[in-house]
Amino acid sequence: MNTVITQHPSLYKIVVTHYLLAAISFLAIAPMLAFAVADLDGHYFQPHLLSITHIAALGWGTVIIFGACYQLVPVILDTELFSYKMAWLSIVTFYTGLLDFIYSFWIFEPGLHLQCGSLLLLTGISLFVANVFITSKKIKKPDVYQDFILTSCIWLLVTAILGVLMVFNFRYAFLPQDHLLFLKLHAHAGLAGWFLLLIIGVSAKLLPMFLVSTGQKVAWLKWCFPLLNVALLLFFIDTYFFGLNRFTYFIASLAFGGIVCWLIYVYQCFATRLRKKLDVAMSHTLISILLLILAIAVLPFIIFYQLKADVLAVRLTVLYGSILLLGWITSLILGQTFKTLPFIVWTKRYQHIAGTKTTLLPAQLYNTALLNIQFIAFLLFVVSFSFGLFLQLKWLIFIGVVCLAIVAVSYFINVLITLLKKSET
Amino acid sequence: MISFEITDENFAFKMEILNALSTVLDPELQVNIIDLGLVYDIAVLKSEQSIQISMTLSSPHCPMGGAIVNSVENCISHYFPLYKPQVNVVWEPAWSFEQITEEGKKQLGM
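With respect to the pairing of strand β3 (residues 84-89) of chain B
Residues and elements named next belong to chain B.
Next, step 1: When strand β2 (residues 50-55) meets β3, the two strands line up parallel, connected through six bridges. If you follow Ser 54 over to β3, its bridge partner there is Asn 88.
Next, step 2: For the crossover that starts at β2, traverses helix α2 (residues 65-79) and ends in the parallel β3, the hand is right-handed.

Okay, structure coming up:
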């Protein structure tokens, strides 16, 4: 008999802890944004926006991805996670550091607290990366999906190290180049290196399973992987020495080519799916992909206006970052949470009786009406917030923030419903 | 879809097992494993008091693989308590959508 994937007994608690912490972080974003609406028409390098960016990228995006990775490592790497204790140590140091970090940024006290917070974050990230890499030593059959996951972990580490250097640079000013230049490198290592590569690797594996697709070609992923990584490396080298310049267009087009390869793969998954009806969770995924395309469409304009030293570049950069963090990544999480969390809950609660009597199915563990409200509120948020940012209309931004609060509350309640739904046994 | 020779001495018993297994659902697709074409063979070993199920999964990395296999074992133990379940997961022949029954296709909206 061949091995099949089973749920490790320690998995439930660690994954659920990550999902809950991420949901709490997400709840905090809307009130923080409400306090910072006045800052959104200024430069992005200011305390409140840095604080919000980091709670979105780390507390929300990265925490939930850590949790999902622990759940999906057996699927993607085809082997058991190396250490659950290490996973606990990672999240404890990471989240403690994050709280310290976010608070220090919010009040802008770039001293000991911010430094300790950043070092704790780096420790948590290093533990996560070490756990994944030690696990990967047991890989029986290497494939391109694993390449994406492992490389994304390296980029995450690069992002964190750059972040720590920048934190210490606030006090000791030792970096040889402008702080904003390092911010560009830090942001792109995080967004394109960590989030994008990881999302591509995981989605390439999961989409065909959820959609029961039959005609996707892995060759597209094999083109996507080098294109994105070469683009990132070139961006690092070129931007470090020369800043943004005309060559940046070429680098952006390489990255664009890589993303197009992935989009073709995703299209093939959707086009050849056996399961025709898309549920709300998968619709969120589809919206997420569209938002990524929208963000990429903004990128050449940022380069163009930056080269002209036009102030519009700053506004577009805020829009670009918002669409990526609160649009692309958030939409993906909002949907995929209700694809992955119900399974881990179902496996714990119903697996022992499944097959003997009728049980609830994973899709029946969450509230569908609430998920619909979440979806509609999210669409309203994206439209009002993006237009509000672009047109500098504070009332429209505020409507967007209210919609985001509705999304976060619906999401949090639905996560609790999924976790607390009474077993019918 | 799996079928049995009517001349098989265990024909009626195997049909009972088949009916029981058709209550086991793929938790993600919400279609039973018989209509999905996941079950390849059912063997009854009366001397060993065991029921052997040869089955596959829609993907070798199916996150719900363990849960589905466990459900099959639960099902056999529950409906046929005198028999020990033995589930063999095989990857040859690989599962394909042609193995889904008409009813399964209807449920998937194909």
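As for unusual backbone geometry
All names here are of chain B.
Next, step 1: Geometrically, the link from Glu 92 to Pro 93 is a cis peptide bond, its omega value of -5° lying close to zero.
Next, step 2: Following the sequence through the fold, Pro 93 ends up in the loop between β3 and α3 (102-108).
Next, step 3: Of note in this structure, Gln 30 is not a glycine but carries a positive phi near 60°.
Next, step 4: When you line up the elements, Gln 30 lands in the loop between α1 (11-21) and β1 (39-45).
Next, step 5: Take Gln 30: there are 14 C-beta atoms within 10 Å of it, and that puts it in the partly exposed class.

Quick look at helix α5 (residues 144-172) of chain A
Next, step 1: If you check α5 of chain A, its first and last C-alpha atoms are 42 Å apart, about what 29 residues at 1.5 Å a residue would give, namely 42 Å.
Next, step 2: Residue Ala 173 of chain A follows α5 of chain A closely and has a positive phi angle near 45°.

Considering the interface of chain B and chain A
Next, step 1: With 30 residues of chain B at the contact, the number on the chain A side is 28 residues.
Next, step 2: Where the side of chain B that touches chain A is concerned, the elements lending two or more residues are α2 and β3 of chain B.
Next, step 3: A per-element tally of the side of chain B that touches chain A places α2 of chain B first, with ten residues.
Next, step 4: Partitioned by chemical class, the residues of the side of chain B that touches chain A number 17 nonpolar, twelve polar and one charged.

Examining the sheet that holds β2 of chain B
Residue and element names in this part refer to chain B.
Next, step 1: In spatial order, the strands read β1-β2-β3; together these three strands make up an open sheet with mixed pairing. The open sheet has two edge strands with one neighbour each: β1 and β3. Taking the axes of each pair of neighbouring strands and ignoring which way they run, one obtains an average angle of 15° across the sheet.
Next, step 2: Most of the contacts of α1 go to β1, to which it runs at about 130°, and overall it touches β1 and β2.
Next, step 3: The strands touched by α2 within the sheet are β2 and β3, with β3 carrying the most contacts at an inclination of about 155°.

Reading the values: rules and limits
- Residues numbered from 1 in each chain as written.
- Chains lettered and ligands numbered in written order.
- Predicted model: local features only at pLDDT ≥ 70, side-chain atom pairs only at ≥ 80, totals over all residues.
- Pairing = 2+ DSSP bridges.
- Helix = DSSP H or I, 4+ residues; strand = E, 2+ residues; numbered from the N terminus.
- Right-handed = clockwise from strand over helix to strand, strands pointing away.
- Buried ≥ 20, exposed ≤ 12 C-beta atoms within 10 Å, placed from the backbone.
- Expected span 1.5 Å × (residues − 1).
- Contact = placed C-beta atoms within 7 Å.
- Nonpolar A, V, L, I, M, F, W, Y, C, P; charged D, E, K, R; others polar.
- Axes fitted to C-alpha atoms, helices over the stretch in contact; angles between N-to-C directions.

Functional significance is not addressed by these values, which are geometric in nature.
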